[in-house]
Each structure stands twice: as C-alpha cells, then as structure tokens.
Amino acid sequence: MTVTIDENSTRTLTVPPRARRTPPPRDRRKPLLQFGHWWWALPAIVLVIAVHYVATLTGGFFAFTNWTGLGDWEFIGLDNFVRIFNDPQLLGAVWNTLFLALASVLLTNIFGLLFALAINRMLKSRYILRTLLFMPVVLSPLAVAYVWKFIFQFNGPLNDLLGFLGLEELQKVWLADPTWSIWAILITVVWQQTGFTMVIYLAGLASVPVEVEEAAALDGAGIWGRFWNVTVPAIRPSIAIATTLGIIQGLRIFDQILALTGGGPAGATETLATEVYKQAFSLGQFGFGSALALVLTVIILAFAILQQFVTRDRDAGRA
C-alpha cells in the first residue's frame, strides 16, 4: 500500500491483513456449513439407539429361542418359523393381515382421491367438508371401534336400517359371522383413515397448475385425459406417500380388531399383530411372539420396498 506524505516524497507502507477493511480471501477447502457442538445431540442419539435399535435387535434374537419371558432360554434356530408356517390358524392370520393391508390401502386411496378431487376447487363449502372428512382421523381408534361395534350389533342401527328398507334377509350378527366380521373391521379402518389420505392428495393437487389443465382442455383433452396425463404425474409423490403410510398402517392394525372382535369368531379376524400380543403377553411365549413380530417386520419392509419401486418417478433418471 502506497501513501503520499507530501508532494516530493512518497513512502510505501505495509498494512497487515487484519487492519484492512476488505475481508481476507475465504479458504475454499473449509465447508460453508460447520457443525459446532454436535455432541449436544449425543444423548438423544444414544436414547434412540438404545430404545429402538437395540430393543429391535434383541427381539429379533429372541425370535430364534424358546424364551418364555422368565428364566433360562434355549436357542432353537428356525423352529419358531417352521411352527408359524405349519399352523393353519397362523397362516390365516398372515392372510388376514395381507387382506386388511391391501384392501384398506386400495379403498382409502380411491375414496381419498375422489374426495380430494371433489372438494379441491369446485365447492364453496370445501373447508367445512375438509374438516368433517378429516375429523375421524383425530379420534382414538378404540373410540371409533366401539362406535362401530354399536352400529354392527344385531339390534344396532345397521340392522334397523335394513329392516326399515325391507331387507330383513340381509340382517346379520355382523361381528359374530366368520365371513363378514373381517369386512366389518375393514369398513371401520377405511372410514377412519380416508380423511388422512384425502389431506395428502389435497396437498398434491394444490401443486397442479391450473393453466396446464386449462391448456389441456383447450387442446381437446377430456376429464379422464386431463386426470391421467396432467393430474396423476403431478401428484405422484402424494401417491407414493399415501400408499407407503397406508401399507404400514394396514399391516399393523390392532386396536380395531381388539375392540370389535378380539380376533374372533373362531380366529376369523386374527392378524399377525393380534397373534404377537396373545402369544407374548397372554400365553407367555415371548420367543414365539418375537418370531411372529419378525415375520410382520419383514412383510412391512418388503411391501414398502415394492411400493417405492412401483411408484418411483421413472422420468427422473432419464433427465
């Protein structure tokens, strides 16, 4: 830095970098975002690992033992899993689990999407309808199940309605019928979960540009054409989220079954979740209950991976 003292003499002064107003050049090797005091999160990380992952791995280990919850245990290998797939009642529980999961996902997504499309922009009372349709989601599953248990009783409102319409031959003891009891549970689950799926699709429909739909309509595209070529690609992330959460929730249905039928009649509504509870806590077979829980975990993981593969954005990898 050159400083002029007077007209006839000049001197060259060296100003240290700290005294300059201009900031020193940034070291590009350092990251822009530096994490300080990361150890503050260490207690939470340890708690999650201890409560979730260690407990899960411990339960997975006891799935290969005959532990009863007390005393000693013996490593028995795959005997628990052989017992599961050789027991017709347990195979029926697996079938009921898959049926409730797939059927509830299909119905909640269909009805949720229809409700979302219906009240997205067209109705003036859409805000009130959104609240009414979402209200069952915030209720306790047990409370909802007991309400529907009253509806499905032989002298309940459903049979009274059928009698009023002159359909006495359709009146049944719905929750005590081995054929219809599983459908009663499905209706209860779908009624409560549809509002949640509707909200997910409403969030996806909010991102669909109105101009694109109007342009497609001007080009001669019908309602189905606009829905399939404009709406569906735009709400694909919402479809992925709704189906993933629906499958996981459907495979873990427990409260509604326990309140409505308790797994009956004659095991017609037993699922893997109810069998885990009964084997581990009612019968004291913790090793066998852990094996059932491990099978349920593998099924959930397999369906989650399959769903992600089916609903993935195939165009993203080509860009």
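**Some words on the nonpolar core**
Next up, step 1: Formed by 20 residues in total, the largest nonpolar core has its most connected members in F99, L100, F152, I185 and L186.
Next up, step 2: Broken down by secondary-structure element, the contributors of at least two residues to this core are α3 (88–119), α5 (141–152), α7 (181–205) and α11 (255–260).
Next up, step 3: At six residues, α7 tops the list of elements feeding residues into this core.
Next up, step 4: Contacts of L100, omitting those with residues within four sequence positions, involve I182, I185, L186, I253, I257 and T271.
Next up, step 5: Of all hydrophobic cores here, the second largest spans 18 residues; its members include V105, I247, L272 and F288.

**Considerations on unusual backbone geometry**
Next up, step 1: A cis amide bond links G264 to the next residue, P265, at an omega of -5 degrees.
Next up, step 2: Within the secondary structure, P265 is located in the loop between α11 and α12 (272–282).

**Some points on the pattern of salt bridges**
Next up, step 1: The final tally for this structure, using the stated rule, is one salt bridge.
Next up, step 2: We note a salt bridge from E270 to K278, for which the minimum N-O separation is 2.3 Å.

**Describing the packing of aromatic side chains**
The description of two aromatic rings rests on the distance between their centres and on the angle between their planes.
Next up, step 1: On inspection of all chains with the given rule, the structure shows 17 aromatic pairs.
Next up, step 2: Taking the centre distance of 5.4 Å and the plane angle of 85 degrees together, the rings of F61 and W73 count as edge-to-face. Here F61 is found in helix α1 (residues 42–62), whereas its partner W73 is found in the loop between α1 and α2 (79–86), with 12 residues between them in sequence.
Next up, step 3: Aromatic ring contacts, followed pair by pair, group F61, F62, W67, W73, F254, Y277, F281 and F286 into a single cluster.
Next up, step 4: Directly above the aromatic system of F288 lies the positively charged group of R83, at a separation of 3.8 Å from the ring centroid.

**Side note on the environment of K172**
Next up, step 1: The residue K172 is located in the loop between α6 (157–164) and α7 in this model.
Next up, step 2: Expressed as a C-alpha distance, the spacing of K172 and N155, which sit 17 residues apart in the sequence, is 9.6 Å.
Next up, step 3: Look past the residues within four positions of K172 in its chain and what remains in contact with it is F154, N159, D177 and W180.

**Comments concerning the packing of α2 against α3**
Two numbers describe a pair of packed helices, the interaxial angle and the distance between the axes.
Next up, step 1: Look at α2 against α3: their axes get within 5 Å of each other, and the N-to-C directions meet at 80 degrees. Relative to α3, the element α2 is oriented roughly perpendicular. Contact residues: R83, I84, F85 and N86 in α2; P88, L90 and L91 in α3.
Next up, step 2: In the contact of α2 with α3, the residues fall into five nonpolar, one polar and one charged.

**Concerning the side chain of T261**
Next up, step 1: Structurally, the position occupied by T261 is in the loop between α11 and α12.
Next up, step 2: Overall, the relative accessible area of 18% leaves T261 in the buried class.
Next up, step 3: Sequence-distant contacts of T261, that is, excluding residues within four places in its chain, are made with L175, S181, I185 and T269.

**Some thoughts on the packing of α2 against helix α13 (residues 286–310)**
Next up, step 1: At a closest axis distance of 9 Å, the pairing of α2 and α13 adopts a crossing angle of 70 degrees. Judged by the inter-axis angle, α2 sits roughly perpendicular to α13. Crossing of α2 over α13 shows right-handed handedness. Touching N80, F81, R83 and I84 of α2 are G287, F288, A291, L292, L294 and V295, all from α13.
Next up, step 2: In the contact of α2 with α13, the residues fall into seven nonpolar, two polar and one charged.

What counts and how
- Residues numbered from 1 in each chain as written.
- Predicted model: local features only at pLDDT ≥ 70, side-chain atom pairs only at ≥ 80, totals over all residues.
- Heavy atoms only, no water.
- Core = buried A, V, L, I, M, F, W, Y, C linked by side-chain atoms within 4.5 Å.
- Buried < 20%, exposed > 50% of the residue type's maximum accessible area, 1.4 Å probe, protein only.
- Helix = DSSP H or I, 4+ residues; strand = E, 2+ residues; numbered from the N terminus.
- Contact = heavy atoms within 4.5 Å.
- Salt bridge = Lys/Arg side-chain N within 4 Å of Asp/Glu carboxyl O.
- Phe/Tyr/Trp six-rings, centres within 6.5 Å; stacked < 30°, edge-to-face > 60°.
- Lys NZ or Arg CZ within 6 Å of the ring centre and 35° of its normal.
- Axes fitted to C-alpha atoms, helices over the stretch in contact; angles between N-to-C directions.
- Parallel < 35°, antiparallel > 145°, perpendicular 65-115°, else oblique.
- Nonpolar A, V, L, I, M, F, W, Y, C, P; charged D, E, K, R; others polar.
- Left-handed = near helix turned anticlockwise from the far one by under 90°.

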